[in-house]
Amino acid sequence: MGVADLFQFTSAHAHINLIGWVSLAITGVIYHIFPVAGESKLAKIHFWLMMIGVPLLAFSMILFGLGQFGIGGPISGIGGIFIFIGAILFMINIMKNVKEKVITL
Ligand code: HEM
Ligand code: HEM
């Protein structure tokens, strides 16, 4: 992207990395440390919403980069809603199932 000067794909790149990698890694570590939260039904639904929503959002941002706004719009809408609902479920799961824990390293 940098070498070829294709900065219209910066948004796709940023979200693939920040949602697809950083956010999922953080939630995954939290689920690992707090298995009650990680094994809950909410976590499974959160996981699948992200597995569908993140690729849709990333793909739509690539389409935006290519100037395909007509088809990119609805795809980004669906992807964004999936990610948004996933994040809300994650928050509910954390409030319900994450209790104080002594972490030994
Ligand atoms: C080999 C790894 C990576 C390369 C070569 C790379 C390269 C780039 C380039 C060329 C840009 C565009 C900069 C510009 O518009 O002037 C960019 C933007 C960006 N990158 Fe990366 N990147 C890498 C990894 C990552 C990772 C791991 C993350 C996040 C976890 C990330 C987050 C971002 C963000 C948020 C922007 C947008 C910054 C803005 O809008 O000002 N990148 N990256
Ligand atoms: C439902 C989920 C999300 C949607 C629909 C969304 C949408 C957007 C949009 C439309 C932009 C402006 C892009 C542009 O001006 O070209 C943007 C920028 C940005 N977003 Fe998101 N976002 C979401 C979640 C996130 C999350 C979770 C993070 C961080 C963990 C994040 C980090 C950023 C950053 C760093 C930028 C500025 C870099 C760029 O221009 O792409 N976003 N986002």
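Since the model is a prediction, treat every value here as computed from it, not as a measurement.

**Considering the coordination of the iron atom of ligand 2**
No other protein atom reaches the iron atom of ligand 2 as a donor apart from H15 (NE2), found 2.0 Å away. Mapped onto the elements of the fold, H15 is located in helix α1 (residues 10–33).

**Notes on the site of ligand 2**
Surrounding ligand 2, one finds S11, A14, H15, L18, I19, S23, L57, M61, G80 and I83. H15 is positioned such that a nitrogen or oxygen atom in its side chain is 2.8 Å from a nitrogen atom of ligand 2. Elements with a minimum of two residues in the shell around ligand 2: α1, α3 (41–65) and α4 (69–97). Here the residues of the shell around ligand 2 sort into six nonpolar, four polar and no charged.

Analysis parameters
- Residues numbered from 1 in each chain as written.
- Chains lettered and ligands numbered in written order.
- Predicted model: local features only at pLDDT ≥ 70, side-chain atom pairs only at ≥ 80, totals over all residues.
- Heavy atoms only, no water.
- Donors = N, O, S within 2.8 Å, 3.2 Å for Na, K, Ca; no water.
- Helix = DSSP H or I, 4+ residues; strand = E, 2+ residues; numbered from the N terminus.
- Near = heavy atom within 4 Å.
- Polar contact = N/O pair within 3.5 Å; in protein donor to acceptor, adjacent residues only side chain to side chain.
- Nonpolar A, V, L, I, M, F, W, Y, C, P; charged D, E, K, R; others polar.

No statement about biological role is implied by the geometric values presented.
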